[in-house]
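Chains, contacts and geometry: an overview
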Amino acid sequence: MKVVLFSGAGLSAPSKLPIYDDIKEDPRYSRFFSGTEAEAKLIEDQLAQEFSEFKPNQCHKECIKLQNFCEAIGIEFQHYTLNIDDMLEKSGGDVKHIYGCINDPGSILHYRFEPAIDLSTIEWFEDDILMILGVSDNGYPLAYLENLVLSKGGNVYHFNKVFRSDLQAAQFTGDMLETFSVLRAAILIPIEFQTIPLGDYNAHISSFSVGDSKYEVYFSPSKEFYTCPDEIKIIEEHTSEKFDDLTFEIKFDLESNRIQEKQYDRPKENMSYGELKLLGVVIASTIHAHGRYFNSNMYTASAAYPKLVKFYNRIANEYSTSLECNCWCEFGPKRVSYAFKF
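Calculation criteria
Residues numbered from 1 in each chain as written. Predicted model: local features only at pLDDT ≥ 70, side-chain atom pairs only at ≥ 80, totals over all residues. Heavy atoms only, no water. Helix = DSSP H or I, 4+ residues; strand = E, 2+ residues; numbered from the N terminus. Buried < 20%, exposed > 50% of the residue type's maximum accessible area, 1.4 Å probe, protein only. Contact = heavy atoms within 4.5 Å. Areas by Shrake-Rupley, 256 points an atom, 1.4 Å probe, with all protein chains shown as cover. Lys, Arg positive; Asp, Glu negative; His and termini not counted. Charge placed at Lys NZ, Arg CZ, Asp CG, Glu CD. Salt bridge = Lys/Arg side-chain N within 4 Å of Asp/Glu carboxyl O. Polar contact = N/O pair within 3.5 Å; in protein donor to acceptor, adjacent residues only side chain to side chain. Phe/Tyr/Trp six-rings, centres within 6.5 Å; stacked < 30°, edge-to-face > 60°. Pairing = 2+ DSSP bridges. Axes fitted to C-alpha atoms, helices over the stretch in contact; angles between N-to-C directions. Core = buried A, V, L, I, M, F, W, Y, C linked by side-chain atoms within 4.5 Å.

**A short note on the overall build of the protein**
What the protein contains, in helices and strands, is 15 helices and 13 strands. Seen through its principal axes, the protein has C-alpha atoms that stretch 80 × 40 × 35 Å. Out of the 342 residues belonging to the protein, those deemed buried represent 50%. Here the contacts in the protein between residues at least 6 apart in sequence split such that 66% fall between residues at least 24 apart. With an accessible surface of roughly 17500 Å², the protein has 49% of that area assigned to carbon and sulfur atoms. Charged side chains of the protein number 33 positive and 51 negative; the gap between the two group centres comes to 5 Å.

**Some details on the pattern of salt bridges**
Overall, the coordinates contain 16 salt bridges when judged by the stated rule. Among the salt bridges present, the one from Lys-41 reaches Asp-45, with a minimum N-O distance of 2.7 Å. One end of the pair, Lys-41, and the other, Asp-45, are both in helix α4 (residues 37-51), four residues apart, so they sit about a helical turn from each other. Assessed through its relative accessible area of 37%, Asp-45 is described here as partly exposed.

**Remarks on the side chain of Arg-164**
Relative to the helices and strands, Arg-164 resides in the loop between β5 (155-160) and β6 (170-173). Residue Arg-164 is classed as buried on the basis of its relative accessible area, which comes to 15%. Engagement of the side chain of Arg-164 in a polar contact is seen with the side chain of Asp-166, the distance being 2.7 Å.

**A look at the packing of aromatic side chains**
A complete count under the given rule lists 20 aromatic pairs for this structure. Aromatic side chains Phe-252 and Phe-311 sit 6.5 Å apart centroid to centroid with 65° between the ring planes, which places their arrangement in the edge-to-face category. Placement of the pair is Phe-252 in strand β10 (residues 247-254) and Phe-311 in helix α15 (residues 309-319), with a sequence separation of 59 residues. Residue Phe-252 shares its accessibility class with Phe-311, and that shared class is buried. Pairwise contacts between aromatic rings join Phe-193, Phe-219, Phe-248, Tyr-293, Phe-294, Tyr-299 and Phe-342 into one cluster.

**Topic: the environment of Asn-313**
Along the polypeptide, Asn-313 turns up in helix α15. Residues Asn-313 and Glu-330 lie 17 residues apart in sequence; the distance between their C-alpha atoms is 7.5 Å. Beyond its immediate sequence surroundings of up to four residues, Asn-313 is in contact with Cys-329, Glu-330 and Tyr-338.

**What to know about the sheet that holds strand β4 (residues 129-133)**
Spatial ordering of the open sheet is given by β3-β2-β1-β4-β5-β6, a layout of six strands whose pairing is parallel. Each edge of the open sheet carries a strand with a single partner, namely β3 (96-97) and β6. Summarising the sheet, β4 and β5 pair through five bridges and their orientation is parallel. Each bridged residue has a counterpart across the sheet, and for Met-131 the counterpart in β5 is Tyr-157. Its contacts with the sheet put helix α5 (residues 58-73) on β1 (2-7), β2 (76-81) and β4, and the angle it makes with β2 is roughly 155°. Strands β1, β4 and β5 of the sheet are contacted by helix α8 (residues 142-150), whose axis makes an angle of about 150° with β5.

**A few points about the sheet that holds strand β9 (residues 213-221)**
Read from one edge to the other, the open sheet built from seven strands follows the order β7-β8-β9-β10-β11-β13-β12, with strand pairing classed as mixed. Looking at strand neighbours, the two that pair on one side only are β7 (194-198) and β12 (326-331), the edges of this open sheet. The sheet shows a mean angle of 30° between the axes of neighbouring strands, taken without regard to direction. The sheet contact formed by β7 and strand β8 (residues 201-210) spans five bridges and is antiparallel.

**Regarding the nonpolar core**
With 63 residues, the main nonpolar core has Leu-66, Phe-69, Met-131, Leu-133, Phe-159 and Ile-189 as its most contacted residues. Not counting residues up to four positions away in its chain, the partners in contact with Ile-189 are Met-1, Val-3, Leu-66, Phe-69, Cys-70, Ile-73, Ile-75, Ile-129 and Met-131. Counting 19 residues, the second largest nonpolar core, distinct from the first, contains Phe-6, Leu-82, Trp-124 and Tyr-140.

The structure is reproduced here in structure tokens:
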């Protein structure tokens, strides 16, 4: 399985770069293709100078977060773009430019008549995912590309300004800054769970990596996890929800801690801010996937260390709206209890 992003001018439009229709109206567009090589090179140099002044927008950064997310859960990630700007590289991402890039002098001229990459030659497999970001039909024949993926059993998702009636796959329409985010994309990617014995009960576990460390998110029956009736009573009264067989306790820990039976020993090195953000996306998307696969009723959680409370609060506040769930934060005698209900 692989995740492929295919982006166009709509991705860079929030940075105030021109969209494809505006690009075609620029007199230099036709001269670039009809003029001599020297004239085309002059236009390339002009564009490189102009485009160098622009800054990446949040959508570019979300693409990089998605790249990091796929790496964390062990899924191949590829990004192809029609854009010649270097916003994705400035954001720290890896991307292949179909028509060259301003940070590679001469590449735009080199590929003015023949693209560097023919997307129709990509080999698609069942469960592959193609996400198309800000590409108009004028920029690329989307229905054709979409059909290539769907015919192999893959999935396609469009993020674009307007709805297209000729497309078959799911469409998220509107301003790219509002419709595309790493979490919106991450919950479209399947996450695998294993069922393993954990003490006297079974737990569902999903593995991921952050930096050099391997972690697990695991879900155990809340009725089995909480052995004190008073703890259960506090949660049920606070949420007005009763524990049942579809109520799960969420924990995350180093894989090595579970194997060595020393729960919640801290990693040797603290995570960076970026790694903590990635951890939050992985946990949120894993909860969403678990709820979809196991039809859960409610989730409970508690912070193993008081210092984790702020981190859990941030995850809950940042992602509860996107995940369309109710959440109860920082309650109970020690103010370290949480609950989530989709």
